[in-house]
Every structure is written in C-alpha cells, then in structure tokens.
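Structural features, examined
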Amino acid sequence: MKKKQIIIGSSIFIVALGLTISGALYVKNKAKLVTNKENIVEYFTIEDTSGLKFKGSSIISDEQRIMLDPSKGEVNEVFVEDGQIVEKDTVLFNYYNESIQEQVYELDRQINSLSSKIEKEKERESKAEALKKEAESNVNNNQNPANLASVDQLNSGSAIEELKSNLNDTISKRDSLKEKVVKSVIAEISGKVYINKEDPTSEYMRVISEDSLIAAQASEFDIDELKLDSKVDIKIVSNNSKVTGKITKIYDIPTMSLDQKSSLYTFYVKPDKGIKIGFSVELTVNPGEIVVPKSSVIEESGKLYVMLAEGENNKKIEITATLKDDNYIVQNDTLKLGDKIMLNPSEDSKEEV
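**Considering the nonpolar core**
If you look at the biggest cluster of nonpolar residues, it comprises 18 residues, and the most contacted ones within it are L226, I234, F267, V269 and L283. Of all the secondary-structure elements, those providing two or more residues to this core are β10 (212–219), β11 (231–236), β12 (242–250), β14 (263–271) and β15 (280–285). Ignoring sequence-local partners within four residues, the contact set of L283 consists of L52, K53, F54, I214, A216, V232, D233, I234, F267 and V269. Ranked by size, the runner-up nonpolar core spans 15 residues in total, among them I290, V297, L308 and V330.

Take a look at the structure:
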C-alpha cells in the first residue's frame, strides 16, 4: 500500500513538472512570437483609383526651320554654334549680297555726281546774279538794256531744283538698298540651335524649343471626358519615372484609326518637367485621389507625416491631407502612385529621417 502511494506521488510530481516546463516553453515561445511580430514592418502601396489611360510620346513643341535663300546673298557671319541654347530675337547669322552692294556703290557715284552738278550750278547762278546786278547798273546809267534780258535767262533756278529732286530720289533708293546688303536672320523662338553643314538641300538651321510636349490620341468613346487644363499623371516608359502635367489643346477634327474602324482625336499635354523628344509615355487623365489609411499617418504638433520607403530606409515627410472616415485624402504632391508608406509606424520609426 505504501509502495503504491509512492508510485502515485511520483507520477503526480512528474506530470506537474512536465506541465511547468511546457508552460515555461509556451510563454517563451509566445514572447518570441510577439517579438517577431513586432519586428514585421508592413507597408501600404499607393495605387491608382481611377482615370482614363492613354499612350503617347514626347514631341517637338515648336521649331523654326531656316532654308538658305540665295536671293538674299551668301552667309558671311554666323553668330551661334551647333547645340547652343538661344533666346528669342537672337541674331543667328547674316547674309551678304554683293550684287546689291555694287548697286549701292553705283548710286553713291551718282549721288556724288549730282552733288557736284548742283555745286557747279550754284556757282553759275551766283555769277549770273553778279552779271544781273552789273546789267541793272548799266541800265540805270542809260547803257544797253539788251544785256539785262540775256542775264535774266542765265539766272533761272529751275535747273538746281531738278538736280536736287534727282539727288533726293537717288539717296532714298540707295538707303533702301543698303538695308538689303547685310540681312540678319533672327531666332523667332527660344530653343536649341542645330546647324546643318552637310546637306545643302535640307534646312541650314533649326531652332527647336526646349519646352516639352506630349501628343496622344483619344477614341470617340473617351474624347468627351477630356477637358482643357485637366490634370495628367505621366509615366515615362523607358525608366518608369513619373511627372505630372495638364492638357493644353484638344483637336475637334478626328483622324481614322489604322484599321479604319474608329475615329481618333489628338490632344496635347504639357508636362511640368522636361521629357526627351521621342520618349514613349503612359498617361492617366484625371487621376483619382491619393488615399492613405489613417494608421499610416503620424500627427505631431498639428502637422501630418508619413514614413516613405526609400530603398532600405524610411523618410519622414510632411503631407497635407483631410480625414475622411478611416482614410486621409492627400491634397498636395508629396506622394505619388507607386510610393510605399509604413503602416502603424512605431515610436522608433517616427524618428527616422
């Protein structure tokens, strides 16, 4: 009997010891599980909520093409270099017209000749005036009055007036031609200069605007949804970078699609940043609101912040937003589609910059 009691007591002790050890292991594992759970960082990815989608490409927004004009002469002075950025009204190059210059020289000779004739005519008239006074004196002295009549014929001023008229016309003609001897060509727009020195059949110089412009087409089903100044999110296909812009022009006259089954309407978007000419882009017109969960927002001193993932780090950035139910509607451009922000940021993470 005593032996049986010892065996029962030992069994109870062993069971109790097992339960104690199991409980300790459970608590330890639970604590470890909680710790691991606390180390898990969750992120919220900002996704597109709406908007019309289009494909487009960056095009030349404006350009000036300059063909050489032989009637204006030959290029003798170039004031810009290939690839140079110029402002509107910059002088690009000068024409020099040798044929017109020869005409100017000839007119100069005529002007000198007419001026000389006028001076000689003035001298002749001055002498005639002297002879007239002498003849009048002789008449007063009862000498031959016929001499006075002959002097009056010499004293006509009509010759000088005609010469002066011819001189003025010649000077006017010369001055007009002078403006054509050297003719300056100026930049009609601001942009980058491209000079062609190889192909004489093509334009000699181009000035291409540095302002970016995107061209895209909308179908007949989407065109009525597009409005001038509508906001556009722009994704550059080659590098996945994103910029914003707005619609600046919409054509009312359509073109036919390649399959001739639908109408396409061209519209243009001006991006806020430059995009290399020829790059393909994806457009989202009238993108939806940027919505972030309340649990991702930090409130400090009346301001709102989120922890933005940048590589392996998180950056604390300020946002402007309004609370709607359990979400914040972001009202500035600090966040964009594809950004990742931390959910339930810890006290330690709040200090990261």
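Following the structure, the description resumes.
**Focus on the confidence of the model for the protein**
Low pLDDT means the predicted coordinates in that region are not meant to be read closely. Of the residues in the protein, 79% have a pLDDT of 70 or more, and the chain-wide mean is 83. Of all secondary-structure elements in the protein, the lowest mean pLDDT belongs to helix α1 (residues 2–39), at 48, while strand β5 (residues 85–86) reaches the highest, 98. In the model, residues 23–37 has pLDDT below 50 throughout and makes zero contacts with residues more than four positions away in sequence or in other chains.

**Some remarks on the sheet that holds strand β21 (residues 327–330)**
One open sheet accounts for three strands, arranged β16-β21-β20; its pairing is antiparallel. The open sheet has two edge strands, β16 (290–293) and β20 (321–324), and neither has a second partner. Averaged over all pairs of adjacent strands, the angle between strand axes in this sheet comes to 30 degrees, irrespective of strand direction. Relative to β21, β20 runs antiparallel, the two sharing four bridges. Within β21, the position partnered with T322 by the bridge is I329.

**Topic: the sheet that holds strand β7 (residues 182–186)**
Read across the open sheet, the three strands follow the order β4-β6-β7; overall the sheet is antiparallel. Two strands close off the open sheet at either side, each with one partner strand: β4 (74–78) and β7. Averaged over all pairs of adjacent strands, the angle between strand axes in this sheet comes to 30 degrees, irrespective of strand direction. Packed onto the sheet, helix α4 (residues 158–181) meets β6 (91–96) and β7 and runs at close to 50 degrees relative to β7.

**Observations concerning α4**
Helix length check: α4, at 24 residues, gives a terminal C-alpha distance of 35 Å against a target of 34 Å (1.5 Å per residue), a fit within 8%. Along α4, the residues classified as buried are I160, L163, L167, T170, R174, L177 and V181.

**As for the side chain of T284**
Within the secondary structure layout, T284 lies in strand β15. Exposure remark for T284: the relative accessible area of 8% places this residue in the buried category. A polar atom in the side chain of T284 sits 3.0 Å from the side chain of K53.

**Describing the pattern of salt bridges**
Between side chains of opposite charge, a pair can form as their charged atoms come close. Under the criterion given, the structure shown has twelve salt bridges. The partner of D175 in a salt bridge is R174, with the nearest N and O atoms 3.0 Å apart. The network of salt bridges with common partners includes E63, R65, E203 and R206.

**Looking at the pairing of strand β8 (residues 191–195)**
With two bridges joining them, β5 and β8 adopt antiparallel strand pairing. Of the residues in β8, the one forming a bridge with V86 is G191. Sheet analysis places β8 next to strand β9 (residues 205–208), joined by four bridges and oriented antiparallel. Bridging across to β9, K192 finds its partner in I208.

**With respect to a nonpolar patch on the surface**
Taken together, L68, V75 and V78 make up a surface patch of nonpolar side chains, about 210 Å² in accessible area. The topology assignment puts L68 in the loop between β3 (63–66) and β4.

About the thresholds
Residues numbered from 1 in each chain as written. Predicted model: local features only at pLDDT ≥ 70, side-chain atom pairs only at ≥ 80, totals over all residues. Heavy atoms only, no water. Core = buried A, V, L, I, M, F, W, Y, C linked by side-chain atoms within 4.5 Å. Buried < 20%, exposed > 50% of the residue type's maximum accessible area, 1.4 Å probe, protein only. Helix = DSSP H or I, 4+ residues; strand = E, 2+ residues; numbered from the N terminus. Contact = heavy atoms within 4.5 Å. pLDDT = per-residue confidence, 0-100. Pairing = 2+ DSSP bridges. Axes fitted to C-alpha atoms, helices over the stretch in contact; angles between N-to-C directions. Expected span 1.5 Å × (residues − 1). Polar contact = N/O pair within 3.5 Å; in protein donor to acceptor, adjacent residues only side chain to side chain. Salt bridge = Lys/Arg side-chain N within 4 Å of Asp/Glu carboxyl O. Patch = residues over 30% accessible without salt bridge, like charges linked within 9 Å, V, L, I, M, F, W, Y side chains within 5 Å. Areas by Shrake-Rupley, 256 points an atom, 1.4 Å probe, with all protein chains shown as cover.

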